[in-house]
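# Reading the structure
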Amino acid sequence: MKRHLPGLHEQTQNENDTAEGLFLVRVEQAFYRWHSQKPFFALRFVILEPKEHAGQSISGRLYCTVKALWKLNWFLRDFGYDPDLLGRDEVEEKALVGLRGVVRISRTVLNGRSFLNLEAFAPTGEWEELAVASISRPDGEEAANDL
């Protein structure tokens, strides 16, 4: 049986799909996913600030390949991950949940698919300074580079 659903073919995006910029977030879920070529951590964040996006969830990946370990390390350090575990090269999924920090997010579209990029990180304590800097610059581009 066929069903006619007007507007089904049209591409629609909700607010979560278009959110880009600087956000103060908390890690809500973290899962390690093994892949033969690109193992990664699948992370779900809850936005805490700015208030207009508070409560929204965003998901992203941090890869665990040799070339990408610098970014995972940056995330762990800035989000306040346990330095003892980090010093032993250990990442505990449960220890990631609840971590807070600042993340700069952008989106890339390749072949019609939208991908979220976790571009940069900063400690929670820098949120006020970064938020003011991003608001005071109308283009937002230079402020994003402050991270």
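Quick note: structure is the one above.
Note that the coordinates shown come from a computational prediction; the quantities given were computed from them, not determined experimentally. (Residues numbered from 1 in each chain as written. Predicted model: local features only at pLDDT ≥ 70, side-chain atom pairs only at ≥ 80, totals over all residues. Heavy atoms only, no water.)

### Quick look at unusual backbone geometry
Excluding glycine, residues mostly have negative phi values, and the peptide bonds linking residues are mostly trans. In this chain, Glu49 is followed by Pro50 through a cis amide linkage whose omega measures -5°. Relative to the assigned elements, Pro50 resides in the loop between β2 (40-49) and β3 (57-63). The residue Asp89 is not glycine, and still its phi comes out positive at about 60°. Mapped onto the secondary structure, Asp89 falls in the loop between α3 (83-87) and α4 (93-96). For Asp89, a relative accessible area of 72% corresponds to the exposed category. For Asn111, which is not glycine, the phi torsion reads 55° and is therefore positive. Within the secondary structure, Asn111 sits in the loop between β4 (100-110) and β5 (113-122). Classification of Asn111 by relative accessible area gives exposed; the value is 83%. (Helix = DSSP H or I, 4+ residues; strand = E, 2+ residues; numbered from the N terminus. Buried < 20%, exposed > 50% of the residue type's maximum accessible area, 1.4 Å probe, protein only.)

### Thoughts on the side chain of Ser106
Residue placement: Ser106 occurs in strand β4. Separated by 2.5 Å, the side chains of Ser106 and Glu119 make a polar contact. Residues in contact with Ser106, not counting those within four places in the same chain, are Glu20, Phe115, Leu116, Asn117 and Glu119. (Polar contact = N/O pair within 3.5 Å; in protein donor to acceptor, adjacent residues only side chain to side chain. Contact = heavy atoms within 4.5 Å.)

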